[in-house]
Amino acid sequence: MNFVLNLSFSDLLLLLPEIFLTCWLCVVITVDFVSPRLPKERLAYLSVGGLLATLGCLAWFDVNQVSGTLFGNMFVLDRMAIFFKIFILGSTVLVILASIEYVDRFTLFRGEYYALVVMSALGMMFMASANDLLSVFVSLEFSTLGFYILVSYLRDDLASNEAGLKFFILGVFAAGLFAYGISLVYGETGKLVFSDMASAPATPGLIIGFLLIFAALGFKIGAVPFHSWIPDTYHGAPTPVTAFLSIAPKGAALAILLRIFIVALGTFKPTWIYLLVAVSIVSMTYGNIVAIAQRNIKRLLAYSGIAQIGNVLIGLAAGTKMGNDAILFYLLAYLFANIGAFAVVIAVSQAIGRDEIEDYRGLGRRSPFLAFSMLLFLLSLAGVPPLAGFIGKLYIFIAAIKEGLYTLITVGLINIVISMYYYLIVVKQMYINEPIDPSPISIRGPMKAVIYVGLAGTLVIGIYPQPFTDWVVAATLMFANFVTPAATITPPTVLIGS
Amino acid sequence: MLEELTAVFPILSCILFLPVVGAIVLWFVDDEDTVRSSTLTIALVELALSVFVLLRFVPESAAMQFAERVQWIPALGISYHLAVDGISVLFVGLTAFLTVLVVVYSWDTIRHQVKLYMMCLLALETTTMGVFLSLDLILFFVFWELMLIPSYFMIKLWGGGAERHYAALKFVIYTLLGSVFMLVGIALLDINYHQWASLHHSDHAYSFDLLELLTVPIPIGQQILIFWLMFLGFAFKAPVFPFHTWLPDALLEGPIGMAVVLAGLKLGTFGFIRFSIPLLPDASKSDTVVMVVVVLGLCAILYGAWMALVQSDFRRLLAYSSVSHLGFVVVGLFALNYQGLQGSLLTMINLGFSTAGLFFIAGFLYSRQQTTQLAAFGGMARQVPLLATFFLIIGLASIGLPGTNGFVGEFLILLGAFEAKWWVGSIAVLGVIFGAAYFLWYYERSMLGPLGSAVKSTMSDLQLREMVIAVSLSIMILWIGLYPSPFLRIMNGSVQALVDRLHHEKTAALHDGMTERR
């Protein structure tokens, strides 16, 4: 393959957010080095400032519909990439704001923490734009590298070290699978760019290659049976990192999954639909049933996250434009509810020092605001109207029902009922049980801001979802050509009055 | 006149959101007495608005009145669509009426976390109103589901029984289980509309609007599938036998106020007459469906009455009698004729006065003896004559004595049932006899005869607030019993349109009738 690199200045405009963020990352590290006495909180705000500037740039791209490809189609900037970048950066901003208090627990390298978070975000931005297998691999590993360090950031904490090790071993294993998958796919087709593969014949090597790639991405999104690292890693990692891990990488990996399944493998939909249906059913059921038995809120949210990914995969299994819209919408709803829930977990653990569900006893008395926010976030995750999660689930179910995936829908709906059970366990602890220690819990400004943003997102998307549906519909417009047409229309046979 | 009302003033939105806005305002009030009086004010204003709607409602008309419609989520075809017709308007009034009474009842019976209780109650009122007012199926579903949250808290936090945690969870999980199936049914309706609309190049790609869905034909196989999916949702909520097992627990363990709302407002059966029957007329009258549903109804009548006969706890007795009464309603609905539908609709309203009234009586008894077990009573009529009198009036209404409201409704249902199938009617009649038996037996043992050993001699008769509740319920009972025609006139038009739709005779007229007044 010959690469002729023709780069003009205007091409680099497409990379502007990434370039800017890279420079900003260097600034953050330099500032940390140059003035070690600077309160680390300032570094957080400095990072947030850079991220917000990047967000502004992306928003400008989105409004002006800037798009294009770079480096021989390796890097693509389309509206979907922009959507996912905004998603990733938005969650990064919220995570950094939620970390400010927590960072005091770290004994060393408090400043580098922020730099690492921004670095991971940068890697994930590349993931959202990756358009061929190599750039996917590189960006995936780039972002995961930051996470390896972040997960084991509590140096003296055994659980955190264990989490880091587990995450690292399974992550590297997944990377190996991925590389092997790429080599098989490239060997069979001679192509790396997704859109070039669209017409490749289904040879055994290609199928195995894609299965390996799917497994590797399954690790990233934490779908069953690739979920084994999730509970321990979520449990052991510093809570803000858990929050970050539960949202941003899932979004970035889903961007890649969407491109692979719809663009590269769109023609094989009748085959892969079974794979996705199976993974989706198993993820939802396993995640929800195991969540019931959890005593630790972080583990509960970990398993609920596995189940939520099962829900997202319903949309992917539908494989239509509407299904993709639904995935994007669902992710938005999930972002606000999950980050909000984790923010409450961080705030409570700052006050109590533990994350067990029984520590939430009487939270309604101790801090009505935290308890009420948690209630809304959990109900949104459970899919109770009129919160964002409900509209998201509805969107996904309608997309799937349109494709006739009744089994999947039935399982999904029964799972809603199961999930309600364990979310209500937390609600019960907060509101029904009397607190052991009735002293009120105070929340600091940045944390409050995160919770308010979570609440606003959860409520606004639920009550007035139109701008968001418009946004996701526009973001996946490029899929309209690839996706196989909707199920054939059968004319109704019975007429009223006949 | 109506057009102006629709355009100038969105009164239904006010009715819908007044309680929840009130609940939010209550959050900032600290004094408990102020909380109580402001809740009562809100409930009374709500009642006044509802009465206003009832007065301005044009009777004998099938039209959707006071309609309001705004796009909500165009991408999915979901709109904010409110309206009332002859089927729903009475429930709006009933909800507002019962809420006022519950507030009055809770005035001194709820002693802890008064503010939260009143907020839950008002939130519950909004969601209930939403169920009755919504014409968009998703909007309806939103309120249907939201209702669970205040109910859950009310049962858990203010329930009296030891098993209230179990009861609350069971209630939520059961109802949720039913409603997720209903959601599939709703989505299938939408997909069917979408397919039809794309064939006919209609503007709206998707729609959940009842009035738009009514214009689209649905293949019979699809109809039956959707019917059963929606049936599950409504049957769990109603609850129809054999999905009723949560009801005795919830009614026994929860607070009286919650029991009044749960047992007094027949949301599940309302769902049948509002959505299932008009949307799926062919399924509703297919032989299997009618057979299964009617047999379930008959089972409920007999089983509920039989179980009520052997209960020693008054609230449990009421729960089972509620199951039995719902059996009547279901049998009347699926007689699918004019009398049956009209009788069922009227009975649903009646139960809001009589069953809810008996729960208030149970509350009066509870506040005197801290239990509703039979053993705690006996010969109370001497001690508390007024309570005994109102107990008798409301109870007789519940068993359908002529002159009370219960008679009119049950009589119409039986008429409809006999007209549809004679054996259905004759089995249903047995329920009336059982009903008289269990009520009178309990009444006799608790109120008449020698004074029970557990009855305190210091027991006081009805207080002022209790009198207000008992008297206003009795007035409504006797009003509907002696002069039901204003109520029947309100529902006639819509019931007639429904019957016509079911029997295809005047399909065109129906379409005209169902279009909104502009």
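None of these values were measured; they are calculated from a predicted model.

**Topic: the overall build of chain A**
Step number 1: Within chain A, the regular secondary structure consists of 19 helices and 2 strands.
Step number 2: Radius of gyration (C-alpha) of chain A: 22 Å, near the 23 Å computed for a compact globule of 498 residues.
Step number 3: C-alpha atoms of chain A, sized along the principal axes, occupy 70 × 65 × 40 Å.
Step number 4: Looking at chain A as a whole, 59% of its 498 residues qualify as buried.

**Brief notes about the overall build of chain B**
Step number 1: In terms of helices and strands, chain B carries 24 helices and 2 strands.
Step number 2: Over its C-alpha atoms chain B spans a radius of gyration of 22 Å, differing by no more than 12% from the 24 Å that the globule rule assigns to 518 residues.
Step number 3: For chain B, the spread of C-alpha atoms along the principal axes amounts to about 75 × 60 × 45 Å.
Step number 4: Long-range pairs, those at least 24 residues apart, make up 80% of the contacts in chain B between residues at least 6 apart in sequence.

**A short note on helix α6 (residues 137–146) of chain B**
All names here are of chain B.
Step number 1: Burial runs high along α6: 10 of the 10 residues are buried.
Step number 2: Taken together, the buried positions of α6 are Leu-137, Ile-138, Leu-139, Phe-140, Phe-141, Val-142, Phe-143, Trp-144, Glu-145 and Leu-146.
Step number 3: Among the structural elements, β2 (78–84), α5 (114–133), α7 (148–158), α8 (164–199) and α9 (210–214) are those in contact with the buried residues of α6.

**Quick notes on helix α7 (residues 158–189) of chain A**
Step number 1: Taking 1.5 Å as the rise per residue, α7 of chain A with 32 residues should run 46 Å; its terminal C-alpha atoms sit 46 Å apart, in good agreement.
Step number 2: The first or second residue beyond α7 of chain A is Gly-190 of chain A, which carries a positive phi of 75 degrees.

**Focus on the pairing of β2 of chain B**
Step number 1: Counting buried residues in β2 of chain B gives 6 out of 7 residues, a clear majority hidden from the surface.
Step number 2: Two successive antiparallel strands, strand β1 (residues 65–73) of chain B and β2 of chain B, enclose a turn made up of 4 residues, where Gly-77 of chain B displays a positive phi of approximately 75 degrees.

**Details of the interface of chain B and chain A**
Step number 1: Between chain B and chain A, the residue contacts involve 36 residues of the former and 30 residues of the latter.
Step number 2: The element contributing the most residues to the side of chain B that touches chain A is α8 of chain B, with 17 residues.
Step number 3: Of the residues belonging to the side of chain B that touches chain A, the class tally is 28 nonpolar, 4 polar and 4 charged.

**Here we look at the pairing of β1 of chain B**
Step number 1: Taken together, the 6 bridges between β1 of chain B and β2 of chain B define a ladder with antiparallel strand orientation. Bridge pairing in β2 of chain B links Glu-68 of chain B to Leu-82 of chain B.

**Focus on the packing of helix α5 (residues 110–129) of chain A against helix α10 (residues 239–264) of chain A**
Residue and element names in this part refer to chain A.
Step number 1: Between α5 and α10, whose axes approach to 8 Å, the crossing angle comes to 20 degrees. Compared by their axis directions, α5 and α10 come out roughly parallel. Both α5 and α10 take part in a crossing whose hand is left-handed. On α10, the residues touching Val-117, Ala-121, Met-124, Met-127 and Ala-128 of α5 are Phe-244, Ala-248, Pro-249, Ala-252, Ala-255 and Ile-256.

**A short note on the nonpolar core**
Step number 1: Formed by 402 residues in total, the largest nonpolar core has its most connected members in Val-118, Leu-378 and Ala-400 of chain A together with Val-331 of chain B.
Step number 2: It is helix α13 (residues 321–352) of chain A that contributes the most residues to this core, 22 residues altogether.
Step number 3: Excluding residues within four positions of it along the chain, Val-331 of chain B makes contact with Val-294, Gly-297, Leu-298, Ile-413, Ala-417, Val-424 and Ala-428 of chain B.

**Overview of the environment of Met-491 of chain B**
All names here are of chain B.
Step number 1: With respect to the helices and strands, the residue Met-491 is situated in helix α23 (residues 485–503).
Step number 2: Judged by C-beta crowding, with 23 C-beta atoms within 10 Å, Met-491 ranks as buried.
Step number 3: For Met-491 and Met-182, which are 309 residues apart along the polypeptide, the C-alpha to C-alpha distance reads 26 Å.

**Side note on unusual backbone geometry**
Step number 1: In the segment running from Pro-385 of chain A into Pro-386 of chain A, the intervening peptide bond is cis, with an omega of 0 degrees.
Step number 2: For Pro-386 of chain A, the position within the fold is in the loop between α15 (368–382) and α16 (388–402).
Step number 3: Residue Pro-242 of chain B is bonded to the preceding Phe-241 of chain B through a cis peptide linkage, with omega at 0 degrees.
Step number 4: Here Pro-242 of chain B shows up in the loop between α10 (220–237) and α11 (246–253).
Step number 5: Here the phi dihedral of Gln-65 of chain A falls at roughly 50 degrees; this positive angle occurs in a residue that is not glycine.
Step number 6: With respect to the secondary-structure elements, Gln-65 of chain A resides in the loop between α3 (40–63) and β1 (68–70).
Step number 7: Among the residues examined, Gln-65 of chain A registers 11 C-beta atoms within 10 Å and is labelled exposed.
Step number 8: A positive phi is found at Leu-336 of chain B, a non-glycine position, where the angle reads about 60 degrees.
Step number 9: Examined against the element boundaries, Leu-336 of chain B turns out to sit in the loop between α16 (314–333) and α17 (338–369).
Step number 10: Note on Leu-336 of chain B: 20 C-beta atoms within 10 Å, which makes it buried.

**Observations concerning the environment of Phe-97 of chain B**
Step number 1: Among the secondary structure elements, Phe-97 of chain B is positioned in helix α4 (residues 89–109).
Step number 2: Each C-alpha atom of the pair Phe-97 of chain B and Tyr-80 of chain B lies 25 Å from the other, and the pair is 17 residues apart in sequence.

**Topic: the confidence of the model for chain A**
Residue and element names in this part refer to chain A.
Step number 1: The predicted model of chain A averages 87 in pLDDT, with 95% of residues at 70 or higher.
Step number 2: Averaged over each element, pLDDT in chain A is lowest for helix α1 (residues 9–14) (79) and highest for helix α4 (residues 79–99) (93).
Step number 3: A low-confidence stretch, residues 484–498 (pLDDT under 50), is modelled with 26 contacts involving residues beyond four sequence positions or located in other chains.

**Topic: the packing of helix α13 (residues 267–279) of chain B against α17 of chain B**
All names here are of chain B.
Step number 1: Relative orientation of the contacting elements α13 and α17 amounts to 145 degrees, with a least axis distance of 10 Å. In the crossing of α13 with α17, the sense of the turn from one axis to the other is left-handed. For the pair α13 and α17, contact is made by Thr-269, Phe-270 and Ile-273 and by Leu-341, Ser-344, Leu-345 and Met-348, respectively.
Step number 2: Considering only residue class, the contact of α13 with α17 consists of 5 nonpolar, 2 polar and no charged.

**Description of the confidence of the model for chain B**
Residues and elements named next belong to chain B.
Step number 1: Per-residue pLDDT for chain B has a mean of 85; in total, 95% of the residues score no lower than 70.
Step number 2: Across residues 1–5, confidence stays below pLDDT 50; counting only partners more than four residues off in sequence or on other chains, it has 8 contacts.
Step number 3: This model gives residues 505–518 a pLDDT under 50, and the stretch forms 25 contacts once residues within four places in sequence are excluded.
Step number 4: Both scores are given for the predicted complex: the pTM is 0.86, the ipTM 0.79.

**Here's the deal with the environment of Leu-16 of chain B**
Step number 1: Within the secondary structure layout, Leu-16 of chain B lies in helix α2 (residues 11–26).
Step number 2: Sequence separation of Leu-16 of chain B and Ile-87 of chain B is 71 residues, and the distance between their C-alpha atoms is 17 Å.

Reading guide: rules and limits
Residues numbered from 1 in each chain as written. Chains lettered and ligands numbered in written order. Predicted model: local features only at pLDDT ≥ 70, side-chain atom pairs only at ≥ 80, totals over all residues. Helix = DSSP H or I, 4+ residues; strand = E, 2+ residues; numbered from the N terminus. Rg over C-alpha atoms; globule rule 2.2 N^0.38 Å. Buried ≥ 20, exposed ≤ 12 C-beta atoms within 10 Å, placed from the backbone. Contact = placed C-beta atoms within 7 Å. Expected span 1.5 Å × (residues − 1). Pairing = 2+ DSSP bridges. Nonpolar A, V, L, I, M, F, W, Y, C, P; charged D, E, K, R; others polar. Axes fitted to C-alpha atoms, helices over the stretch in contact; angles between N-to-C directions. Parallel < 35°, antiparallel > 145°, perpendicular 65-115°, else oblique. Left-handed = near helix turned anticlockwise from the far one by under 90°. Core = buried A, V, L, I, M, F, W, Y, C linked by C-beta atoms within 7 Å. pLDDT = per-residue confidence, 0-100.

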